[in-house]
Amino acid sequence: MKLELDLGERISRLNSTEAVRLFKALMTAEAQASSSAAVFSATNKTTAADQGIDGRSEFPRGTPRPIPAGKTIWQVKSGKQKVTAAVAKKEVRKKGVLTALRNGWSYGFFCTQDHSDSTVASIRALLEAQVKAVAPKARVHLFLVPTIEALLYRNPTELYNIGVPIRAFTGDAPSLRAREDLDYVSDPPRDLQLAELGNLF
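Residues numbered from 1 in each chain as written. Predicted model: local features only at pLDDT ≥ 70, side-chain atom pairs only at ≥ 80, totals over all residues. Heavy atoms only, no water.

### Here we look at the overall build of the chain
Of regular secondary structure, the chain possesses 8 helices and 7 strands. In the form shown here, the chain has an accessible surface area of approximately 11,000 Å², with 51% of it arising from carbon and sulfur atoms. (Helix = DSSP H or I, 4+ residues; strand = E, 2+ residues; numbered from the N terminus. Areas by Shrake-Rupley, 256 points an atom, 1.4 Å probe, with all protein chains shown as cover.)

In structure tokens:
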């Protein structure tokens, strides 16, 4: 049986609980691989009384991109609801987010929805407008599907945990793309996004 691997589609289909768990797993893995100074905390509960904050990270300078150095609060979004100006305002104006931003934290947005380049620019503009209205010096970090894909390849255990069959990781193949039983269809726009990912941060 042929195996079709479309990470973007798999990521975009995650429900809210799965998205939060993936976020926690990836960031925990990055913290463990970074240094003893890296700190990350999050919840698996999508309905937790977190006042709008799904996670907090504190990574030291020199942490490999795209992970942001310094103190960052995170919000996780999944599903089909578009990120409109009203949605951006609602998320950023939650009590816990406002308090953190005013206390010097940066803002991270981990979103499993797949977006076009033009939509990404719009989302960044909407979130930055809301964040900087509260804290002008705060930085905004977007983790959208291309970034999440890159982190999954950097932490391949999580590929299996989002449904990529285990046989894609077995045998003597040097990489996923080299497996004879793995149909891989190149996606030039996404490949280019991944190759130039470092330039976005």
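### Some details on the confidence of the model for the chain
Put simply, the chain has an average pLDDT of 79, and 75% of its residues get 70 or more. When mean pLDDT is compared element by element in the chain, strand 5 (residues 106-111) scores highest at 95, while strand 1 (residues 3-4) scores lowest at 42. The model gives residues 171-184 a pLDDT under 50, and that stretch makes 26 contacts with residues more than four places away or in other chains. (pLDDT = per-residue confidence, 0-100. Contact = heavy atoms within 4.5 Å.)

### Quick notes on the environment of Gln51
With respect to the secondary-structure elements, Gln51 resides in the loop between strand 2 (39-42) and strand 3 (55-59). Classification of Gln51 by relative accessible area gives partly exposed; the value is 45%. Not counting the four nearest positions on each side in its chain, Gln51 is found in contact with Lys94, Lys95, Gly96 and Val97. (Buried < 20%, exposed > 50% of the residue type's maximum accessible area, 1.4 Å probe, protein only.)

### Quick word on the sheet that holds strand 5
Spatially, 5 strands are ordered 2-3-4-5-6 in an open sheet, and the strand pairing comes out mixed. In the strand order of this sheet, the two ends are held by strand 2 and strand 6 (140-143), each with one partner. Neighbour to neighbour, the strand axes of the sheet diverge by 20° on average, direction disregarded. Inspection of the sheet shows strand 4 (residues 70-77) paired to strand 5 by 6 bridges, in the parallel sense. Its bridge partner being in strand 5, Gln75 is matched across the sheet by Phe109. Helix 2 (residues 16-34) contacts strand 2, strand 3, strand 4, strand 5 and strand 6 of the sheet and is inclined by roughly 165° relative to strand 2. Against the sheet, helix 5 (residues 117-134) contacts strand 5 and strand 6, and its axis sits at roughly 145° relative to strand 6. (Pairing = 2+ DSSP bridges. Axes fitted to C-alpha atoms, helices over the stretch in contact; angles between N-to-C directions.)

### Some thoughts on the nonpolar core
Within the largest apolar cluster, 25 residues are counted, with the highest numbers of intra-cluster contacts made by Leu22, Met27, Phe110 and Leu152. For this core, the secondary-structure elements that each account for two or more residues are helix 1 (7-12), helix 2, strand 4 and helix 6 (145-154). With 7 residues, the single largest contributor to this core is helix 2. Residues contacting Leu152, with those up to four places away along its chain left out, are Ile11, Leu22, Leu26, Glu158, Leu159 and Ile162. (Core = buried A, V, L, I, M, F, W, Y, C linked by side-chain atoms within 4.5 Å.)

### Brief notes about the pattern of salt bridges
This model, assessed by the stated rule, comprises 4 salt bridges. Arg13 is paired through a salt bridge with Glu9; the nearest N and O atoms lie 2.2 Å apart. For Glu9, a relative accessible area of 31% puts it in the partly exposed group. (Salt bridge = Lys/Arg side-chain N within 4 Å of Asp/Glu carboxyl O.)

### A few points about the environment of Glu149
Of note, Glu149 is situated in helix 6. For Glu149, a relative accessible area of 3% gives the class buried. The sequence separation of Glu149 and Ile11 amounts to 138 residues, and the corresponding C-alpha distance is 8.2 Å.

### Some points on the packing of aromatic side chains
Taken as a whole and assessed by the stated rule, the structure comprises 5 aromatic pairs. Consider the rings of Phe23 and Phe40, whose centres lie 5.4 Å apart with planes at 80°: the pair is edge-to-face. With Phe23 in helix 2 and Phe40 in strand 2, the pair connects residues that are 17 residues apart, well separated along the chain. Measuring from ring centre to ring centre gives 5.8 Å for Phe23 and Trp74, while their planes differ by 50°; the resulting arrangement is tilted. Remark: Trp74 occurs in strand 4 and Phe23 occurs in helix 2; sequence separation between them is 51 residues. Grouping residues by exposure puts Phe23 and Trp74 together as buried. (Phe/Tyr/Trp six-rings, centres within 6.5 Å; stacked < 30°, edge-to-face > 60°.)

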